[in-house]
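Fold and geometry: a report
Each chain, written out:
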Amino acid sequence: MSKAEKKGMVETATRLGQEYIKKYYNADFIVKDYEITDRSVHSVLDLYGYVEGHEDETIVVVYNYKKKEITNAIGPAWFIDSGKP
């Protein structure tokens, strides 16, 4: 994967991840880091960050780059339980 492809994928994942957290958890998601899993293993990009006001609590947003969609959000129980169905 080229640097340009990787950059585009991270930008798309970040935008969709922030929209997802805003929609389902009514919070602002700040991305600090990411990890791309090799396509031969799994087609996901994990975004690591936090929601504003809880900088010490890590939230992970999982982006499936093959399907181009957010598949999951992982974090502390208080955060996950705050989500809208």
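Scroll up to find the structure this text is about.
Criteria and cut-off values
- Residues numbered from 1 in each chain as written.
- Predicted model: local features only at pLDDT ≥ 70, side-chain atom pairs only at ≥ 80, totals over all residues.
- Heavy atoms only, no water.
- Salt bridge = Lys/Arg side-chain N within 4 Å of Asp/Glu carboxyl O.
- Helix = DSSP H or I, 4+ residues; strand = E, 2+ residues; numbered from the N terminus.
- Buried < 20%, exposed > 50% of the residue type's maximum accessible area, 1.4 Å probe, protein only.
- Core = buried A, V, L, I, M, F, W, Y, C linked by side-chain atoms within 4.5 Å.
- Contact = heavy atoms within 4.5 Å.
- Pairing = 2+ DSSP bridges.
- Axes fitted to C-alpha atoms, helices over the stretch in contact; angles between N-to-C directions.

1. What about the pattern of salt bridges?
A complete count under the given rule lists three salt bridges for this structure. Two residues, Lys7 and Glu11, come together in a salt bridge whose shortest N-O distance is 3.9 Å. Residue Lys7 and its partner Glu11 are located together in helix H1 (residues 3-25), separated by four residues, close to a single helical turn. The class of Lys7 is exposed, set by a relative accessible area of 53%. Residue classification places Glu11 among the partly exposed positions, given a relative accessible area of 47%. As a salt-bridge pair, Asp28 and Lys22 come within 3.1 Å of each other at their nearest N and O atoms. Asp28 sits in the partly exposed class, given a relative accessible area of 35%. Lys22 gets classed as partly exposed once you look at its relative accessible area, which sits at 40%.

2. Quick look at the environment of Glu19
Of note, Glu19 is situated in helix H1. When its relative accessible area of 43% is taken as the criterion, Glu19 is described as partly exposed. C-alpha of Glu19 to C-alpha of Ile70: the two residues are 51 residues apart in sequence and 9.8 Å apart in space.

3. A word on the nonpolar core
Membership of the largest hydrophobic core comes to 17 residues, with the highest contact counts inside it found for Ile21, Leu45, Val61, Tyr63 and Phe79. The leading source of residues in this core is H1, at five residues. Beyond its immediate sequence surroundings of up to four residues, Tyr63 is in contact with Met9, Thr12, Ala13, Leu16, Ser43, Val44, Leu45, Lys68, Glu69 and Ile70.

4. As for the sheet that holds strand S1 (residues 29-36)
Taken in spatial order, the four strands of this open sheet run S1-S2-S3-S4, and their pairing is antiparallel. In the strand order of this sheet, the two ends are held by S1 and strand S4 (69-74), each with one partner. For this sheet, the mean angle separating the axes of adjacent strands, direction not counted, is 25°. Examined bridge by bridge, strand S3 (residues 59-64) and S4 share five bridges and lie antiparallel to one another. Along S4, the bridge assignment pairs Val62 with Asn72. Here H1 sits on the sheet in contact with S1, strand S2 (44-51), S3 and S4, set at roughly 135° to S1.

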